[in-house]
Amino acid sequence: MGTEFNELFDEWAHTYDSFVQGEDIQYKEVFAHYEEILEDVVNKSFGNVLEFGVGTGNLTNRLLAAGYNVYGIEPSQEMRAIAKQKLPQDVSIIEGDFLNFVAPSHVDTIVSTYAFHHLTDEEKNVAIAKYSQLLNKGGKIVFADTIFVDQEAYDKTVESAQEQGFHQLANDLQTEYYTRIPVMQSIFENNSFQVTFTRMNHFVWVMEATKQ
Ligand SMILES: C[S@@+](CC[C@H](N)C(=O)[O-])C[C@H]1O[C@@H](n2cnc3c(N)ncnc32)[C@H](O)[C@@H]1O
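Residues numbered from 1 in each chain as written. Predicted model: local features only at pLDDT ≥ 70, side-chain atom pairs only at ≥ 80, totals over all residues.

Heading Function (unreviewed entry) of the UniProt record for the protein chain holds this comment: "Could be a S-adenosyl-L-methionine-dependent methyltransferase." Here is the UniProt Sequence similarities (unreviewed entry) comment for the protein chain, exactly as written: "Belongs to the methyltransferase superfamily. YrrT family." (UniProt positions renumbered as here; feature names shortened; annotations may be inferred.)

**Focus on helix α9 (residues 181–190)**
Side chains three or four residues apart in an α-helix point the same way, a direct result of the helix having 3.6 residues per turn. When we look at burial in α9, the residues that qualify are Met 184, Ile 187 and Phe 188. For α9, the angular spread of the buried residues around the axis is 95°, confining them to a single face. Exposed and facing more than 90 degrees away from the buried side of α9 are Pro 182 and Asn 190. On its buried side, α9 packs onto α6 (121–134), β6 (193–199) and β7 (204–211). Following α9 by one or two positions, Ser 192 has its phi on the positive side, about 70°. (Buried ≥ 20, exposed ≤ 12 C-beta atoms within 10 Å, placed from the backbone. Helix = DSSP H or I, 4+ residues; strand = E, 2+ residues; numbered from the N terminus. Arc of directions from axis to C-beta. Contact = placed C-beta atoms within 7 Å.)

**Some remarks on the UniProt feature "domain: Methyltransferase" (unreviewed entry) in the protein chain**
Mapped onto this numbering, the UniProt entry annotates "domain: Methyltransferase" (unreviewed entry) at residues 49–139. Secondary structure across residues 49–139 comprises 35% helix and 19% strand; the distance between its end C-alpha atoms is 10 Å.

**Section: the UniProt feature "binding site: S-adenosyl-L-methionine" (unreviewed entry) in the protein chain**
Using the residue numbers shown here, the UniProt feature "binding site: S-adenosyl-L-methionine" (unreviewed entry) corresponds to Gly 53, Glu 74 and Asp 97. These annotated residues cover 45 residues of sequence, and their C-alpha atoms lie no more than 7.2 Å from one another, placing them together at a single site. Tracing the backbone through its elements, the reader meets Gly 53 in the loop between β1 (48–52) and α4 (58–65). The class of Gly 53 is buried, set by 25 C-beta atoms lying within 10 Å. Those residues in contact with Gly 53 that lie beyond four places of it in its chain are Glu 74, Ser 112 and Ala 115. Residue position: Asp 97 is located in the loop between β3 (92–94) and β4 (109–113). We classify Asp 97 as buried; it has 23 C-beta atoms within 10 Å.

**Topic: the sheet that holds β3**
If you walk across this open sheet you meet the seven strands as β3-β2-β1-β4-β5-β7-β6, and the pairing is mixed. Each edge of the open sheet carries a strand with a single partner, namely β3 and β6. On average, adjacent strands in this sheet sit at an angle of 20° to one another, irrespective of strand direction. Pairing geometry for β6 and β7, over seven bridges, is antiparallel. Across the sheet, the residue bridging to Thr 196 is Glu 208, located in β7. (Pairing = 2+ DSSP bridges. Axes fitted to C-alpha atoms, helices over the stretch in contact; angles between N-to-C directions.)

**Brief notes about the environment of Gly 22**
Looking at the element boundaries, Gly 22 is found in the loop between α2 (16–20) and α3 (34–43). Residue Gly 22 is classed as partly exposed on the basis of its C-beta count, with 15 C-beta atoms lying within 10 Å. For the pair Gly 22 and Phe 148, spaced 126 residues apart in the sequence, the C-alpha separation amounts to 21 Å. Discounting residues that sit within four places of it in the chain, Gly 22 has contacts with Lys 28 and Phe 31.

Written as structure tokens, this is what we have:
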């Protein structure tokens with residue numbers, strides 16, 4: 001379902017960059033070390049980079065600064081408009097989503113930050129299978145996203161959000177598709193990737209998967 005969250009992101013687009021700077025108390029921990037998280041994804045990338053869920057273009061900007069060719073995919077029209085204002089004019093930011101997109105001719109690294117949880121686990125598997133076809137041996141997927149070690153860790157986080165009165169955060173955690181590390185590990189391994197997980201804050205992990 002590529003367009004399920006489009007309306008939400010069209011509305012959020014104009015204030016999104018204040019959230020990543022930690023200005024909203026409910027999401028402060030979600031975006032803790034945001035710059036380092038983007039930098040880590042950039043450092044793990046190489047060659048021609050395909051980026052999903054570009055948003056306002058913050059990761060794209062860093063990838064370009066590091067000298068990579070970037071081809072961005074973003075379903076929300078408002079997010080695309082803001083990204084295009086912030087990025088050099090010749091960067092391709094194309095309408096599409098994790099599952100429905102026109103791929104560039106050669107891709108070395110597929111990246112995404114704070115976005116893969118918009119797919120159900122079944123859709124995540126379909127997406128990773130597609131990317132496995134796109135990448136050569138040694139090609140990479142580098143995703144940063146909220147993911148939980150197990151059910152207990154997820155339940156405790158929802159409970160803690162509710163106790164702090166963070167009802168919007170608790171609602172997000174319960175209505176979007178935040179998965180568990182063993183589920184992601186199986187999805188990657190079943191599609192010929194070797195994967196490592198690195199924790200960046202209470203919520204976000206960087207998943208670095210290399211095609212075997
Ligand atoms: C929380 S923002 C993250 C933006 C940016 N990557 C960052 O790290 O700041 C999530 C982005 O994912 C996009 N998105 C939502 N569903 C998507 C999907 N199915 N495929 C690709 N992108 C999606 C949203 O439109 C939004 O721009």
